[in-house]
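Remarks on the overall topology
Read off the chains here:
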Amino acid sequence: MTLQQLEYIVALDTHRHFVTAARHCFVTQATLSMMIRKLEDELGVRLFDRSRQPVAPTPIGVALVAQARLVLQEARRLTELVSEEQGTVSGELRLGVIPTLAPYLLPRFLPALMSEYPALQVRVTEANTGELIERLEAHTLDAALLATPLERPTLTELPLFYERFYVYAAPEEKLPRKGPIHPDDIDPDRLWLLSEGHCLRTQVLQLCGGQTGPRRLAFETGSLEMLLRLIDTQGGLTIVPELAIDNLSARQQKNVRPFRNPAPVREISLVTSPHYARRKVVEILSATVRAHLPESLRERFKKQVLAPL
């Protein structure tokens, strides 16, 4: 069994076509097919069902291909770890981020990260929490920026900052005219929510006391910006995270109201597998994110570390 054979089965699983997989591996179809067959003979099992179109892994093939991905990932780490020890940060970083964070946080730190470490290749995936957790556990992502705690023993969380929640409400909403808002002031039936699967939806429901009632206009979206546009045109209110406020227009910022202290917050962490070996990359990424946060969030994090939530 060789790493090259593992590369071949991963390529075939990815592309589900011998010609395409061979082209991806820069070998002939005959070579790729022969090497996969040799691996199957060595293991004593069939990894792919060739009678199907497109080609599909057998049940045992699914498990073995998943393990092959992990082995190849760890093999690549060897050269990357050597480079990091010599002071060069290179290779690929596969980073996930939730949609309620991506448009507000990524533009703050990504330019600096790419400029400071030109040999580092960053591949960003935006998806909801459940999908990113699955990909972290399947080792198809290296790290993810998520709202925590997740309470997953298979993952390691490094808290980066604590982000306050604010109320975004149309001017006609029945809320106290002045001063901060208490969660009890919010009518759950007037709330606009993100679609199922988004952690912010769950956090908002917990904060505001459960499920919302039926409404004439029902709309499901994974975009916080779309919710704000709906509120601007249809009325109602929602809860927005702190970093999103800077992206609002001057008119929209007049619709933002703070919560009464102690204001609700969400913890944002850099989440990895406990077996992720590139600790230098984790240190660099976490330091770069923190360095490009607003000063208020950096100071709050320092205070929370001394006196945790």
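The rules behind the values
- Residues numbered from 1 in each chain as written.
- Predicted model: local features only at pLDDT ≥ 70, side-chain atom pairs only at ≥ 80, totals over all residues.
- Heavy atoms only, no water.
- UniProt positions renumbered as here; feature names shortened; annotations may be inferred.
- Salt bridge = Lys/Arg side-chain N within 4 Å of Asp/Glu carboxyl O.
- Helix = DSSP H or I, 4+ residues; strand = E, 2+ residues; numbered from the N terminus.
- Buried < 20%, exposed > 50% of the residue type's maximum accessible area, 1.4 Å probe, protein only.
- Pairing = 2+ DSSP bridges.
- Right-handed = clockwise from strand over helix to strand, strands pointing away.
- Contact = heavy atoms within 4.5 Å.
- Arc of directions from axis to C-beta.
- Polar contact = N/O pair within 3.5 Å; in protein donor to acceptor, adjacent residues only side chain to side chain.

As annotated in an unreviewed UniProt entry, the protein is Hydrogen peroxide-inducible genes activator from Flaviaesturariibacter aridisoli. On record in UniProt, under Sequence similarities (unreviewed entry), the comment for the protein is "Belongs to the LysR transcriptional regulatory family."

Observations regarding the pattern of salt bridges
Two side chains that carry opposite charge are able to pair once their charged atoms sit near each other. What the rule picks out here adds up to 16 salt bridges. Between Arg 37 and Glu 40 there is a salt bridge, with its nearest N and O atoms 3.7 Å apart. With a gap of three residues between them, Arg 37 and Glu 40 both fall in helix H3 (residues 29–43), about one helical turn apart. A relative accessible area of 33% places Arg 37 in the partly exposed class. For Asp 41, the salt bridge identified is with Arg 46, shortest N-O distance 3.4 Å. According to the relative accessible area criterion, Arg 46 is partly exposed, its value standing at 38%. Through salt bridges with shared partners, one network takes in Arg 37, Glu 40, Asp 41, Arg 46 and Arg 50.

Regarding the pairing of strand S4 (residues 120–126)
Relative to S4, strand S3 (residues 91–97) is paired through seven bridges, and the arrangement is parallel. Residue pairing across strands places Arg 94 opposite Arg 123, the latter belonging to S4. Between the parallel pair S3 and S4, the chain is carried across by helix H5 (residues 102–116), and the sense of this crossover is right-handed.

What about the UniProt feature "domain: HTH lysR-type" (unreviewed entry) in the protein?
Per the UniProt record, "domain: HTH lysR-type" (unreviewed entry) is found at residues 1–58. Along residues 1–58 the backbone is 62% helical and 7% strand, and the end-to-end C-alpha distance reaches 19 Å.

Quick notes on the environment of Leu 113
In this structure, Leu 113 sits in helix H5. For the pair Leu 113 and Phe 301, spaced 188 residues apart in the sequence, the C-alpha separation amounts to 21 Å. Not counting residues within four places of it along the chain, the set of residues in contact with Leu 113 comprises Leu 120, Val 122, Ile 284, Leu 285 and Thr 288.

Focus: helix H8 (residues 224–234)
For H8, the set of buried residues is Leu 224, Leu 227, Leu 228, Leu 230 and Ile 231. Buried residues of H8, seen end-on, are gathered within an arc of 160 degrees and therefore sit on one face of the element. In this structure, H8 carries Arg 229 and Thr 233 as exposed residues pointing more than 90 degrees from its buried face. On its buried face, H8 sits against H5, strand S6 (156–169), helix H7 (199–208), strand S7 (237–241) and helix H9 (250–253). Its side-chain oxygen 3.3 Å from the backbone nitrogen of Glu 225, Ser 223 forms the N-cap of H8. Phi turns positive one or two residues past the end of H8, at Gly 235, with a value near 85 degrees.

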